[in-house]
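Architecture and fold: a report
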Amino acid sequence: MATKIYIVYYSTYGHVATLAEEIKRGAASVEGVETKLWQIPETLSGEALAKMSAPPRREDVPVISPAELVDADGLLFGFPTRFGMLPAQFKAFMDGTSDLWCEQRLAGKPAGIFCSTGCQGGGQETSALTAITQLAHHGMIFVPVGYTFGKGMFEMGEVKGGSPYGAGTIAGDGSRVPSQLELQQAFHQGKYFAGIAKKLKAGSSSSA
């Protein structure tokens, strides 16, 4: 059976959504892997979002419920940073997974993280570090990118998001879009993660 990878994200202005698309492409490039994009529910009112000049949510990406996380063989979570941590929307979603936690339905599943920040010092690493607590309490297996992206990790000539914890982008004032290098890292994360998830599933099946 195919290895199912879910890319679950929250994106206010589209930066994280762009990374999610590229991560999906990378994961789908691995033979025997199926991928699907999901959005988490919005908690802000339409009025609040309008005041923030946030674009409409994508209609082609379904909204996921906590129970649907169980169907995935691997999960990649993406979000923008709020003061160096998870945004409230994503935290609210994870708070809604308590039933899954009680039964440890997500235990043993591989999981990864990617994010967007406003500037280079805006929390590319702290956001991932603080989000890992959500994974740990569920017993999930955190899969970082590490330095497998090679020389792209050491780029010093241009602004670049991302870290050993996962792909990332710098949004600036909102007008900056993910660079080619950031998209390449996102593709790499998807491909790398999918390969590991596939191996874990194969190992689990053979030992069953």
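Residues numbered from 1 in each chain as written. Predicted model: local features only at pLDDT ≥ 70, side-chain atom pairs only at ≥ 80, totals over all residues. Heavy atoms only, no water.

1. Observations concerning the nonpolar core
Note on soluble globular proteins: their nonpolar side chains tend to be buried together. If you look at the biggest cluster of nonpolar residues, it comprises 25 residues, and the most contacted ones within it are Val8, Ile64, Leu69, Leu75, Phe77 and Phe90. Elements with a minimum of two residues in this core: β1 (3-9), β3 (74-80), α3 (88-95), β4 (110-117) and α5 (126-138). Leaving out residues up to four positions away in the same chain, Phe90 has contacts with Val8, Tyr9, Tyr10, Ile40, Phe77, Gly78 and Phe79. (Core = buried A, V, L, I, M, F, W, Y, C linked by side-chain atoms within 4.5 Å. Buried < 20%, exposed > 50% of the residue type's maximum accessible area, 1.4 Å probe, protein only. Helix = DSSP H or I, 4+ residues; strand = E, 2+ residues; numbered from the N terminus. Contact = heavy atoms within 4.5 Å.)

2. Thoughts on the pattern of salt bridges
Tallied over the full model, the rule gives eight salt bridges. Here Arg58 makes a salt bridge to Asp60, at a shortest N to O gap of 2.7 Å. When the shortest N-O distance is used, the salt bridge between Asp95 and Lys91 registers 2.7 Å. Here the residue Asp95 and the residue Lys91 both occupy positions in helix α3, the gap between them amounting to four residues, near one helical turn. Relative accessible area serves as the criterion here: at 34%, Lys91 is assigned to the partly exposed category. Three or more residues are tied together by salt bridges with common partners; here these are Glu21, Arg58 and Asp60. (Salt bridge = Lys/Arg side-chain N within 4 Å of Asp/Glu carboxyl O.)

3. Points about the environment of Gly162
Following the sequence through the fold, Gly162 ends up in the loop between β5 (141-142) and β6 (168-170). Accessibility expressed as a relative area gives 19% for Gly162, which makes it buried. Spatially, the C-alpha atoms of Gly162 and Phe114 are 7.6 Å apart, while their sequence positions differ by 48 residues. Those residues in contact with Gly162 that sit more than four places away from it in its chain are Gln124, Ala167, Gly168, Thr169 and Gln185.

4. Comments concerning unusual backbone geometry
The phi dihedral of Phe83 falls on the positive side, at around 55°, and the residue is not glycine. Mapped onto the elements, Phe83 comes out in the loop between β3 and α3. Phe83 sits in the exposed class, given a relative accessible area of 86%. Positive phi, close to 55°, is recorded for Gln104, a residue that is not glycine.

5. Details of a nonpolar patch on the surface
On the surface, Tyr13, Leu44 and Met52 cluster together to form a nonpolar patch covering roughly 240 Å² of accessible area. Looking at the secondary structure, you find Tyr13 in the loop between β1 and α1 (15-28). On the accessibility criterion, Tyr13 (41% relative accessible area) is partly exposed. (Patch = residues over 30% accessible without salt bridge, like charges linked within 9 Å, V, L, I, M, F, W, Y side chains within 5 Å. Areas by Shrake-Rupley, 256 points an atom, 1.4 Å probe, with all protein chains shown as cover.)

6. Topic: the UniProt feature "domain: Flavodoxin-like" (unreviewed entry) in the protein
Per the UniProt record, "domain: Flavodoxin-like" (unreviewed entry) is annotated on residues 5-193. For residues 5-193, the helix share is 32%, the strand share is 17%, and the end-to-end C-alpha distance is 9 Å. (UniProt positions renumbered as here; feature names shortened; annotations may be inferred.)

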